[in-house]
Amino acid sequence: MVATRGTKDPDEGHVRLQFNDKIAGKGLSTDALLKKLKALHTELSQMDQERVDKESLTGARRELTSTSIMLHKDKGVKAYAACCMAELLRLFAPDAPFTAPQLNNMFQFFFRQLYAGFRPDSPYIYQYYHLLESLSTVKSVVLVCDLEHADKLMAEVFRDFFAMVKAGELARKVETYMSDILIALIDESQSLPSEVLESIMAQFLEKASPAGHRLAVEVCKATSDKLQRHVCQYFTDIILSHSPSADDEEAEGDIPTIRTAHSLIHSISLSCPSLLQNVIPQLEEELRVEDLTLRGLATQYLGKMFGNPHTGAELVRKYGSCWKVWQQRKADKSATVRVTWVESCKSFITGSPETRDEIEAALATKLLDPDEKVRAATCRLYADIDYETAIHHVNVGQLKAIGDRFMDKKHVVRMEAMIALGRLWSIAWPEIENDDEAAAAHFGWIPQSIFHAASYSVESKQVAEQVIWTSILSLPPKDKLDDEGPWTDRLLAVMKGLDEKATSTLLGLMPLRTVRPSIYERYLQCCVDNNGGVIDENEEQIKRRLAIVIQHLAGTCADPEKAAEDLHAFAKLNEQRLYKLFRTCMDAAVDLKEVGRASAEFLRRIEQSSTSMLGTMSAVLRRAAFWVLNTSSITTLLRHVQKQTDYAGPAFKLLTTVSKYCSTMHQSHVGEFIKSLADSQANDQLIEISLGALASMAKAGTWPGDKRVADRAQKYVLGTNMRHAKFAARILAFVPGKEELSGPVIESIAESLEGIDDESLAARTAAIAEFTKAVPEVFETKSDVIIGFLRKDTLEKECIIPPDSDDEDAEDEWIEEDVAPPLLRAKLMALKIFRNRCTSNASSESAGEIAKPILDLLFTIIALSGSLTEGAEDDPRVKCRLRLQAAQCLLHLCSIENYQAAIIPHFTTLAITVQDTCANVRIAFFGKLISYLQARRLDAKFNVIPFLTPHDPEKELREKAKHYVQFALKRGTPEIRLTQFEMIFVRLLHLLAHHPDCDRENLESLQDMSKYIIFYLDLVGTADNHPLLFHLASRMKTVRDADRDKLYSENLYAMSEMAQEIIKARASARGYSLTSYPGKVRLPADLFRLLPNAETATKIHKTSYLPAEAITWLTSEGGKSLKSPKQPKPKAEPQENPDGKPSRKRKASSTKTNGHAKRTRTASKRRKAQETDEDEEEDEQTPPASDDEDIAQRSSSPLRDKSPSVERIDSDDGQVQELGRGQRTRAKARKAQNARRSSLKQEANPD
C-alpha cells in the first residue's frame, strides 16, 4: 500500500485519536450512530499516516468491523463505516490492521456498498466517491490478492465495476479511479482468474456499453504485458474446444462461438492491438488450416484488422509474415475464402497508401477470377464506398475494369458491376453538374458503358433499366416534381456524353417509338377484359389474348416463367386503381408531376398487394411509362435549342425523335412552336423543330392548323432549306383545306424547276416527296413535268463530290447524308418521289403503267451498281447512296401486293444487296429489311436474306441477323416456325443456286456456299425438324429450276446434295434420328417446274453433281457449327498527331468473302449507316428493330405468306431475265462459269 498525507517529523509527537465513543452494540439510534460515524470519519480523514498513534485506533478498528455495523440496515451508516475503514487502511499502510477473514469481509463490504449505492442521485454519493478514491490512491485494494478467496473476490470486483459503468453515466474521474483499482488488482495478482478475463473480454463485444468498453481498454492498455499470455490462452481454448474434430469428419463445431471469438479479436485490435501479440500468430496458423470455416474466419477478420485506418499499418509492419500469408488467400483454392478475402478488402481502399495500392492491384486480378461469385463480390465491394473515397482513392482504371464486367458471361457479375458504378455516378452527379472536371473525368463515362451493356442480353437490359431508373435518370424527389428543369438538364448532360450506339439505346428505353396501342396498353386492356377471371362473353378468346400478350411480355424479362406468373397475378388482382395509375404513367400527354405520383403509388400498392411481383411489375412500368422524357421536358428542350446552349445538340435530337414517333407529347406546347416560327431571330434548328412538331400533329390529326402557320409554311416550301421544306410541305398536305393550299405550291415548284440551283432543287424534291404521298391527286396535275425533270435533269445529271482532306475516310466509297452535296440529296429524294408515286397509286387502275418504268429504273440502278447507264463513270459515293436508296425503295414496294408479281422475279438481285461491297449499304439495307420483317410487311421468302450474312466481316451485322432469327423463333408459334423459317429452306437453296458466286465445280466456292446452309441449320435446325429439312432438300432433285438455263438446275441439284450431306453429318454428330418425313410438302411453283419425263428424273437422281472432294469435305466438316470469320488485326493503335487530332485510320485489310472485297467499319460509321435513311423512317413510321416490346407486339399479328405453292408444279416455260452483277464475283471464277454456261446452252439448243 502507499503512504499518504505528509511525512514524519521527528520533533513532533504522535497524534492520538480523540474519538472514544461507542459505535457498536445496542441502544444507539440510527441518527446517533450516524452522527458518531461522521465525527469519526472526519477525525480519521484529517490524521496524517506518519504522525498517527496507531494504538489509539484499536477501539475504532474493533468496533467498525463488528457485525452490528457491517450489517446495519441504514445505507448512511454503512457508507460512513466503509469510509472509516478505508481511512484505517490508509493510516496503517502498508500493514493491514485486520485479520484475513476481516479483510475478506471488509472488501466484500466495500464493493457491495459501491455497487449498490454509487448512483448520481444517492444522498451518500460523496462518501462512495471518497471510498473509491481511497481504494484507488492508497492502493489498499491490493490486499485482496493476498486473501484466501482472492480469485472469487477479484471476479466480483471486475464484474461489479463493469456493471456500474454500464448502469449509468459516471464522471470521468470515477472511471479513472475504477481503472486504477482494476489495474492494481491485475498487477498484484499471481494468477489471473478466468472469470476476470471473461469480464474484460465481454466489454469488447458489440453489445457492451461504451463506458464498459472504455474502462476495459484503459485496463488492458496498462496491463497488456501481463494479459498477453492469458488472452492468447483464452482464445486458443475457445477455438480448440469448439472447432470440428480432426478425427471425426462428421462432427460439426460450434461455428457461432468461433465466429464470436474472431469478432472479439477484431474488436480488441481496434483499441488494444498490443494485447494480441500472441494471438495474431495463432490467426496466421488458421490461414493455413484445411478447415474451410476457420480459414475463412481468419481471412475475414485479419482483413478487417490489417485494413483498419488507425492501427492497420502498424499491424502490417509488425506482423509481416501474417500479412503475406493473408494476401495469399486471394488465390485460395476455395472460392468461398476468396470471396471472403475480397469482402474484407473494403477498409483498405481508404487505408494507408502503403497497402492501398497493393490491395487495389490484387482486386483488379479478382475481377478476372474464374469463379463468378468472386468477380461479383469484387464489383459489389465498390458499391458501398462514398464519393470522397471513390474520387481520391480509386483510380479510374479500376472503375473501368469494373465496367468491363458489364459484358461478363455471368448475369450476377454484370448486375453487381452495373449497380456499383451506377451508384457511384449518382453520388458524383452533383459535382459533375457543377462542372467539376475531375469528377467528370472519373465518372462521366459510366452512363455510356451502362447503355452499351443494355444490349448485351435480356437479363442485362433489365438490370441496366433498373440502374438507370434508380441512379442515372431517376425521377425527382416528391417535393421537386414541379421543377422539371434540373431533371431534364440531367438527361441532356447524360445524353451529351453518349456515343451514337448508347444514344440509340437511351431512346429505345423511352416508349416513344412504340406503335400505339403499345404491348403494355394491350396488356392493360386484356386485364380489364379479363375482369379478374369473371368473364360474361367470349371467355375463351379473352383468355387466349391475355395469354398471348403475357407470353410476349414475359419473353422480354430476365426470368420469363416468373414474369408470366406475376403478370397473370396482376391480372387476377383486377384492381381498378392500379389500372388507372398504370394508364396515367403510359399517357404521353401527362406531365412529370402526375407520372411521378402515379408511378410511386402504383409501386406502393403492388408491394402491399404482393411483394413477389414487385420486381416484374417495376420492370414493366419502367418500359411503359414516360419517366425518361416527358411532356414537361419540351419547354426546357426548346429553350436550349433556342439559346444554342451546350445542350442544344441532344435537345434537338430528343425533340426530333418526339416529333417523329410521339407527337402526342407536343400537344400542350403548340403555342410555343407557333411563337418560335414567328420569331424572326429563330435559328434553323428551332424552325426545323417547330415545323416538324406541327407537321407531326397535323399528320396525326391532333392539330387543326393555323392560317398564319400555313402562310409561313408556303414560304418555307419554296425556300432552300431541305428540312424546312419537307416539314412545311407536310403541314400543307395534312391540314384542313390541303388541296387548296398544296395546289398553288406544287404549281410554283413545277414552274421553278428549269434552271434551279442544286440547293433549291434538294428542298423542292423534299417537298414534292411529301405532296406525292399525301395529296397524289394534286401532284398528278403536274406529274409529267416534275417526273420528267427528275428523270432527265436530276438523276442523269453528273454529281461531282470534291475530296475532303479533313475526312479521315476520304478514299471511302461512302458519304454521310449530312455532308452529301445538294444534288446527291435531290437524287435520293427523286427515287423516293418515284416510290411514293407508286405507293399512292397502288390501288388505281394505272398502277402497273405508273410502276413499270419506276421498277425498271430501280433495278437498273442496282444492276449497274448505282449508275443509270452502263459504263458510266460516276462517283462511287454517289453510286453507293443511289443503289441503297433503290434497294430500300424496292423493299417498300414489295410490301404492296399489287407490285409483288413484278418484283419477285428479280428477288435474287434484290437479296444479294445484303452482300454489297460497301459495309454501310449492307448495314442500312439489312436494318430496313429487319424492320419490315418484324412488322410483317414482307412475305416469308424475305426471311431468306438474313441467312446470307455469315461471311460478312461486320460482326454487328451477323449478330443482328442471328438475333432476329432467334427472337422470332423463340416468340413465334409452331405455325410461324414452319411457314416463316422451315419451309423457306428450299428458297434459300434456290437462291444459292442462283448466287453469282456459285460454282459447283470449284471446291472453294462450294465451301463458301456450305456456310450459308450451316448458318441456317445452326439457327433453325433442331432434332425435330431435321427430317423435314432433309426431305425438302431431297425433293429439289425431283424438279428443275423455273429458269430454262441448265446451269441453274445443275447448281440447284448440287445445293440439294450439299444440304443433304450437311444434314446427315449434323444428325450423326448430334445424335439426331434422321427418319423419313411422313408428310407431304409443296414446293413453290414460282421457283420450280416438273421434270419432263421419268427418264430425266432417274438420270438426275443417279447423277452426283458435287465433286468427290466436296463430298469428302462435307462428311468431315458438315456436322460442325459455323464459326465467325476472323477479323483482320490492326497493326497498331491509332496515334495522335502533334496537333491533337487523331491520325488517319488505316483501312482494314480486304477480306475475300464470296468474291467481294468488304471492309470492316468503325463503330461510328456503322451507327451512321443504320440511321442513314432517317427521312425514310419518318415517312414510314417503322419502329427500330431493337425495340423488343414492339417486336413482341407485332409478332402476334397475322403472318403474310402469299408465296405461290401448289400440289402439282406447273411445267410452264417461263423465262426470267437475269441482271448481270460482274463486280460481285471473282474474276477468274466468273470467267470460267460464263464459259461453262455458254457451252451448256449450245448443248441444249444445237440449232
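A quick note: this is a predicted structure, and the numbers were derived from the prediction, not measured.

Conventions adopted
- Chains are numbered independently. Their residues run from 1 in the order of the written sequence.
- Given that the model is predicted, a residue must reach a pLDDT of at least 70 before its local features are reported, and side-chain atom pairs must reach 80 or more before they are shown or counted; all residues, however, enter totals for whole chains, interfaces and linings.
- Excluding hydrogens and water, the side-chain values take into account all heavy atoms of the structure.
- Only centres within 6.5 Å qualify two rings of Phe, Tyr or Trp (six-membered ring in Trp) as a pair; their planes then separate them into stacked at under 30 degrees, edge-to-face at over 60, and tilted for everything else.
- Strands are runs of DSSP state E lasting at least two residues, helices are runs of H or I lasting at least four, and both sets are numbered from the N terminus onward.
- The rule is simple: take the accessible area with a 1.4 Å probe, protein chains only, and divide by the maximum for that residue type; under 20% is buried, over 50% is exposed, in between is partly exposed.
- Criterion for a charge above a ring: Arg CZ or Lys NZ at most 6 Å from the ring centre, at most 35 degrees from the ring normal.
- Note on geometry: axes are lines fitted to C-alpha atoms, helical ones only across the stretch in contact, with angles between N-to-C directions running from 0 to 180 degrees.
- Roughly parallel means an angle under 35 degrees; roughly antiparallel means over 145; roughly perpendicular covers 65 to 115; every other angle is labelled oblique.
- Note: crossing handedness is left-handed where the near helix turns anticlockwise from the far helix by less than a right angle, and right-handed where it turns clockwise.
- Any two residues whose heavy atoms approach within 4.5 Å are treated as being in contact.
- The classification used treats Ala, Val, Leu, Ile, Met, Phe, Trp, Tyr, Cys and Pro as nonpolar, Asp, Glu, Lys and Arg as charged, and all other residues, Gly among them, as polar.
- Throughout, nonpolar core names a set of buried Ala, Val, Leu, Ile, Met, Phe, Trp, Tyr and Cys residues whose side chains join them through atoms within 4.5 Å.
- A helix is expected to reach a length of 1.5 Å times the quantity of its residues less one.
- Think of a polar contact as two N or O atoms within 3.5 Å of one another; within protein, one of them needs to be a possible hydrogen donor and the other a possible acceptor, and neighboring residues in sequence only count if both atoms come from side chains.
- The rule for a salt bridge is simple: a side-chain nitrogen of Lys or Arg has to be within 4 Å of a carboxyl oxygen of Asp or Glu.

## Some details on the packing of aromatic side chains
Next, step 1: Counting across every chain of the model gives 26 aromatic pairs.
Next, step 2: Look at Phe-107 and Phe-111: their rings are 6.4 Å apart centre to centre, the planes differ by 20°, and that puts the pair in the stacked class. Of the two residues, Phe-107 and Phe-111 are both situated in helix H5 (residues 100-117); the distance of 4 residues between them amounts to about one turn of the helix. In this structure, Phe-107 and Phe-111 share a single accessibility class: buried.
Next, step 3: Taking NZ or CZ as reference, Lys-715 lies 4.9 Å from the ring centre of Tyr-716, over its face.

## Description of the packing of helix H39 (residues 707-717) against helix H40 (residues 722-734)
A pair of packed helices can be characterised by two numbers: the angle between their axes and the separation between those axes.
Next, step 1: Between H39 and H40, the least distance of the axes is 8 Å, while the angle of their chain directions is 140°. By the angle class used here, H39 and H40 are oblique. Considering the relative orientation of H39 and H40, their crossing is left-handed. Between H39 and H40, the residues in contact are Val-709, Ala-710, Ala-713, Gln-714, Tyr-716 and Val-717 and His-724, Ala-725, Ala-728, Ala-729, Ile-731 and Leu-732, respectively.
Next, step 2: For the contact of H39 with H40, a count of residues per class yields 10 nonpolar, 2 polar and no charged.

## Focus: the nonpolar core
Next, step 1: The biggest cluster of nonpolar side chains holds 377 residues, and the ones touching the most others in it are Phe-107, Phe-110, Met-201, Phe-443, Phe-771, Phe-942 and Phe-985.
Next, step 2: Top contributing element to this core by residue count: helix H4 (residues 75-92), with 13 residues.
Next, step 3: Sequence-distant contacts of Phe-443, that is, excluding residues within four places in its chain, are made with Tyr-387, Ala-390, Ile-391, Leu-399, Leu-424, Trp-425, Ala-428 and Ile-432.
Next, step 4: Ile-239, Ile-258, Leu-294 and Leu-297 belong to the second largest nonpolar core, which has 5 residues in total.

## Observations concerning helix H47 (residues 876-894)
Next, step 1: For H47, with 19 residues, the first-to-last C-alpha span of 27 Å sits near the 27 Å given by 1.5 Å per residue.
Next, step 2: Burial within H47 is extensive, with 18 of its 19 residues counted as buried.
Next, step 3: Where H47 begins, the side chain of Asp-875 points an oxygen toward the backbone nitrogen of Arg-877, at a separation of 2.8 Å.

## What to know about the pattern of salt bridges
One side chain can pair with another of opposite charge once the charged atoms of both are near each other.
Next, step 1: One pass over the full model with this rule turns up 46 salt bridges.
Next, step 2: The residue Arg-723 makes a salt bridge to Glu-688 at a minimum N-O spacing of 2.9 Å. Highlighted residues: Arg-723 in helix H40 and Glu-688 in helix H38 (residues 684-700), separated in sequence by 35 residues. Here Arg-723 and Glu-688 have matching classes, each one buried.
Next, step 3: A salt bridge links Glu-770 to Arg-730; the nearest nitrogen and oxygen atoms lie 3.0 Å apart. Of this pair, Glu-770 sits in helix H42 (residues 758-774) while Arg-730 sits in helix H40, and the two are 40 residues apart along the sequence.
Next, step 4: For Arg-730, a relative accessible area of 6% translates into the label buried.
Next, step 5: Ionic contacts of the salt-bridge type, sharing partners, join the residues Arg-172, Glu-175, Arg-214 and Glu-218 into one network.

## So, unusual backbone geometry
Next, step 1: Here Ala-93 and Pro-94 are connected by a cis peptide whose omega angle stands at 10°.
Next, step 2: Turning to its location among the elements, Pro-94 is positioned in the loop between H4 and H5.
Next, step 3: In the segment running from Arg-516 into Pro-517, the intervening peptide bond is cis, with an omega of 0°.
Next, step 4: Looking at the secondary structure, you find Pro-517 in the loop between helix H28 (500-509) and helix H29 (519-530).

## Focus: the environment of Gln-277
Next, step 1: Structurally, the position occupied by Gln-277 is in the loop between helix H12 (255-271) and helix H13 (280-286).
Next, step 2: A C-alpha to C-alpha distance of 9.1 Å links Gln-277 and Tyr-319, two positions 42 residues apart in sequence.
Next, step 3: When near neighbours in sequence (up to four residues on either side) are disregarded, Gln-277 contacts Gln-228 and Tyr-319.
Next, step 4: In terms of polar contacts, Gln-277 uses its side chain to reach the side chain of Gln-228, at 3.1 Å.

## Quick word on helix H56 (residues 1046-1070)
Next, step 1: The terminal C-alpha atoms of H56 lie 36 Å apart, and with 25 residues this matches the ideal 36 Å at 1.5 Å per residue to within 8%.
Next, step 2: Burial analysis of H56 places 20 of its 25 residues in the buried class, which makes it a mostly covered element.
Next, step 3: One or two positions beyond H56, positive phi appears at Gly-1071, with a value near 75°.

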